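# Results of the structural survey
Listed here are the chains, written in short residue letters.
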Amino acid sequence: KVEVMKDVTLGFGEALQHCREQSQLTEEKMEEFFHFWRDDFKFEHRELGCAIWCMSRHFDLLTDSHRMHHENTDKFIKTFPNGDVLSKQMVTIIHACEQKYEEETDHCWRILHVAECFKKTCTDQGIAPTMEMLMAEFIMESE
Ligand code: M21
C-alpha cells in the first residue's frame, strides 16, 4: 500500500506546476508536492490548500460543492498499479476528514485542514510512503 501511495502522490503531484500560478504557491512554500509527507512539513499556508483544490479539479476529483467526488477519486486511484488495494481506504479517510472540517467555509483553508487530517490518518494507519521511496522515484522519473 505504501508503494501505491507513493505512485498516487507523484501522479497527483504532476499537477502542481499547472496550479502554481493561480494558487500563488511559491517554491519557497512548497518545492515539490511530495514534501507533503516530510515529518516536519507544516500545513500553514492557505496557498497550499488552494493548490490542492486546483490540482483536484485538474483531475476532476471534486463535486460542484467542492467536496471529493467519490467515484472519480476511486477511478483515479485505480489508474495506478495495484490502486484497487488502496482506493476504498483512501476515499474513506478523505471523506471522514471532510466531515471533520465541514464548518470551514473558506475552501482553501478547509482543503488544507482535510489534507493535514489525511496525512495524519495515513501515518497512523501505516500507509504513508517514506521520503526515501518518494525521492528515489522522483529522481528516477526526472532522469
Ligand atoms: C495521495 C497524495 C496526496 C494527496 C494529497 C491531498 C489529500 C487531501 C485531499 C483533499 C481533498 C479535498 C477534498 C475537499 O473536501
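A brief structural summary. This one's a predicted model, so the numbers in the text were calculated from it and none came from an experiment.

About the cut-offs
Residues numbered from 1 in each chain as written. Predicted model: local features only at pLDDT ≥ 70, side-chain atom pairs only at ≥ 80, totals over all residues. Heavy atoms only, no water. Helix = DSSP H or I, 4+ residues; strand = E, 2+ residues; numbered from the N terminus. Rg over C-alpha atoms; globule rule 2.2 N^0.38 Å. Buried < 20%, exposed > 50% of the residue type's maximum accessible area, 1.4 Å probe, protein only. Contact = heavy atoms within 4.5 Å. Near = heavy atom within 4 Å. Polar contact = N/O pair within 3.5 Å; in protein donor to acceptor, adjacent residues only side chain to side chain. Core = buried A, V, L, I, M, F, W, Y, C linked by side-chain atoms within 4.5 Å. Axes fitted to C-alpha atoms, helices over the stretch in contact; angles between N-to-C directions. Parallel < 35°, antiparallel > 145°, perpendicular 65-115°, else oblique. Left-handed = near helix turned anticlockwise from the far one by under 90°. Nonpolar A, V, L, I, M, F, W, Y, C, P; charged D, E, K, R; others polar.

### Notes on the overall build of the protein chain
Along the backbone of the protein chain there are 7 helices and 0 strands. Compactness check: the protein chain gives a C-alpha radius of gyration of 14 Å against a globular reference of 15 Å for 143 residues, within 12% of the reference. Its C-alpha atoms give the protein chain principal-axis dimensions of about 40 × 35 × 25 Å. The buried share of the protein chain, taken over its 143 residues, is 48%. For the protein chain, the share of sequence-separated contacts (at least 6 apart) that also reach a separation of at least 24 residues comes to 67%.

### With respect to the site of the ligand
Looking at the ligand, there are 14 residues lining it, with Thr9, His66, Glu98, Arg110 and Ala115 nearest. Separating an oxygen atom of the ligand from a side-chain N or O atom of glutamate 98 is a distance of 2.6 Å. Within the side chain of arginine 110, a nitrogen or oxygen atom sits 2.7 Å from an oxygen atom of the ligand. Elements supplying a minimum of two residues to the shell around the ligand: helix H1 (2-13), helix H5 (87-100) and helix H6 (107-124). Counting residues per element, the shell around the ligand draws most heavily on H6, which supplies 5 residues.

### Digging into the nonpolar core
The biggest cluster of nonpolar side chains holds 47 residues, and the ones touching the most others in it are Met5, Phe33, Phe36, Trp37, Leu48, Phe118 and Cys122. Of all the secondary-structure elements, those providing two or more residues to this core are H1, helix H2 (16-23), helix H3 (46-58), helix H4 (70-78), H5, H6 and helix H7 (131-142). The residues contacting cysteine 122, other than those within four sequence positions of it, are Met5, Trp37, Ile93, Ile127 and Ala128.

### Concerning the packing of H4 against H5
Two elements in contact, H4 and H5, have axes whose closest approach is 9 Å; the angle formed by their N-to-C orientations is 140 degrees. On the basis of the axis angle, H4 is oblique to H5. The interaxial crossing formed by H4 with H5 has right-handed handedness. Between H4, through His70, Thr73, Asp74, Ile77 and Lys78, and H5, the contact on the second element is made entirely by Ser87, Lys88, Met90, Val91 and His95. Along the lines of polarity and charge, the residues of the contact of H4 with H5 split into 3 nonpolar, 4 polar and 3 charged.

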